[in-house]
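# Examining the three-dimensional arrangement
These are the residues of each chain, in order.
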Amino acid sequence: MFAVWPCPLPGGETAEENVRLFDAGRAQRLLVIPPLFDEHNKLRHQLVEVMRRLDMSDIDSFLFDLPGCNESTLLLSKQSLASWRNAVEAAISHFRATHVLAVRGGGLLVPDTISGWLYGPVAGKQLLRSMLRARVISSREAGTEESAETLSEIARSGGITLAGWTIGQDMFAELEASEKPVPENLVIIEQSSVGGSPLWLRAEPDYDAAQADALAALIADGILGTGPSE
Amino acid sequence: MTDQSALPKNNSLRSRASIDSDLRSILCDVLGLDVDEVETFDADTGLFGHLPELDSMAVAGLLTEMEDRLAIMIEDDDVDGEMLETFGGLLAFAEAKVAES
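The notes below deal with the structure included here. (Residues numbered from 1 in each chain as written. Chains lettered and ligands numbered in written order. Predicted model: local features only at pLDDT ≥ 70, side-chain atom pairs only at ≥ 80, totals over all residues. Heavy atoms only, no water.)

## As for the nonpolar core
By size, the foremost hydrophobic cluster in this structure holds 48 residues, and its most contacted members are Leu 31, Leu 36, Phe 37 and Trp 84 of chain A. The element best represented in this core is helix α2 (residues 81–94) of chain A, accounting for seven residues. The residues contacting Trp 84 of chain A, other than those within four sequence positions of it, are Leu 36, Phe 37, Leu 66, Pro 67, Cys 69, Leu 76, Gln 79, Leu 109 and Met 171 of chain A. Counting residues in each nonpolar core, the second largest holds 31 residues, with Ile 26, Val 38, Leu 47 and Phe 93 of chain B among its members. (Core = buried A, V, L, I, M, F, W, Y, C linked by side-chain atoms within 4.5 Å. Buried < 20%, exposed > 50% of the residue type's maximum accessible area, 1.4 Å probe, protein only. Helix = DSSP H or I, 4+ residues; strand = E, 2+ residues; numbered from the N terminus. Contact = heavy atoms within 4.5 Å.)

What follows is the structure, given as structure tokens:
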């Protein structure tokens, strides 16, 4: 089911943001920190399937919208990794999360006060590189020559739209400076533990039941057994 | 048998067959196809501009994955319509990049 939650904004106000949730008030509560930009769209179905399986293992889970993404009415161009980190901290507290599952670029947003998992970690600068490249390719297709270097210079001073995503200058600088995270409190899940090929590589959003089973089993074992929850 | 001392070093040791196989595997992952389907691709099989799902973002992901798995660097200037248009074009590009790496 869906609900809304009060996501804090800079200045003390809040915005009502959507959350997809399986909430039966159970003791084990997993906050899913979604991938960023295009990869959120590609993995959303898969993540909800993982949540459905965790629900059957008596684990509540919450997939919230980052401000400016999915159903959020806030402007993406006004967001930054810092503002998203604030949103993540607030969501952990609001949903009383006991664990997190950060996925891909979501791993850049996890505070070090909670344990859990990071699936498919990626550096912010690598996400940016793909988006810059997509823009160069589509511009070339339209007959305009651009280079990643020139586009980066423009982006650093006033933000830029890449592959349909409006990235503000703060967000651009933060992504450009971010390496692949090595979190102390999160267990890294590599694709080899899930099997198959990563769904974020797919040109179109897709879903894979065997991968969802494997990912949910890893997390359920960890939460209910001897995993990082202890 | 090839004279071992005449073989180039490092990445250039990769055989054409292994580059071909890696490229097909990447296309499987990007296009969500079965191995059998991608095995039927030949030099003339159309890619960018022929497959609607292969948009600029997907091509960007494909190139990044090629860099990772083939241990090559692809510059903006390398990317043109010809190399992306067919499987044969992409394979020839990958072979040339591996040879110079």
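## A word on the packing of helix α4 (residues 148–158) of chain A against helix α5 (residues 169–176) of chain A
Packed helices, taken two at a time, are described by their axes: the angle between them and the distance between them. All names here are of chain A. Between α4 and α5, the least distance of the axes is 6 Å, while the angle of their chain directions is 125°. Relative to α5, the element α4 is oriented oblique. Along this stretch, α4 crosses α5, giving a crossing that reads as left-handed. Contacts between α4 and α5 involve Ser 152, Ala 155, Arg 156, Ser 157 and Gly 158 from the former and Gln 169, Phe 172 and Glu 176 from the latter. (Axes fitted to C-alpha atoms, helices over the stretch in contact; angles between N-to-C directions. Parallel < 35°, antiparallel > 145°, perpendicular 65-115°, else oblique. Left-handed = near helix turned anticlockwise from the far one by under 90°.)

## Describing α4 of chain A
Quick reminder: α-helices carry 3.6 residues per turn. Residues three or four places apart thus point the same way. Residues and elements named next belong to chain A. Buried residues of α4: Leu 151, Ser 152 and Ala 155, and no others. In a view along the axis of α4, the buried residues occupy a sector of 100°, so they form one face of it. Residues of α4 that are exposed and point more than 90 degrees away from the buried face comprise Glu 149, Glu 153, Ser 157 and Gly 158. Among the structural elements, α3 (124–141), β7 (160–162) and α5 are those in contact with the buried residues of α4. Directly beyond the C-terminal end of α4, a positive phi value near 80° is found at Gly 159. (Arc of directions from axis to C-beta.)

## Observations concerning unusual backbone geometry
All names here are of chain A. For Asn 70, which is not a glycine, the phi torsion comes out positive at approximately 55°. For Asn 70, the position within the fold is in the loop between β4 (60–64) and α2. Taking the relative accessible area as the measure of exposure, Asn 70 reaches 36% and is therefore partly exposed.

## Overview of the environment of Arg 16 of chain B
Residues and elements named next belong to chain B. Within the secondary structure, Arg 16 is located in helix α1 (residues 16–31). Separated by 42 residues in sequence, Arg 16 and Ala 58 place their C-alpha atoms 24 Å apart. A distance of 2.9 Å separates polar atoms of two side chains, one belonging to Arg 16 and the other to Glu 95. (Polar contact = N/O pair within 3.5 Å; in protein donor to acceptor, adjacent residues only side chain to side chain.)

## Let's talk about the layout of surface pockets
Here the largest pocket defines a volume of roughly 550 Å³. Lining of the largest pocket is provided by 27 residues; of these, Glu 39, Arg 104, Gln 126, Trp 200 and Leu 201 of chain A occupy positions nearest its centre. Where the lining of the largest pocket is concerned, the elements lending two or more residues are α1 (38–56) and α3 of chain A together with α3 (56–70) of chain B. The element best represented in the lining of the largest pocket is α3 of chain B, accounting for seven residues. In terms of residue class, the lining of the largest pocket is built from twelve nonpolar, six polar and nine charged. Within this model, the second largest pocket holds a volume of roughly 460 Å³. (1 Å grid on protein atoms, 1.4 Å probe; cavity = no way out; pocket = protein on both sides within 12 Å on 5 of 7 lines; lining within 4 Å. Points joined across faces, edges and corners; volume = space filled by probe spheres on them. Nonpolar A, V, L, I, M, F, W, Y, C, P; charged D, E, K, R; others polar.)

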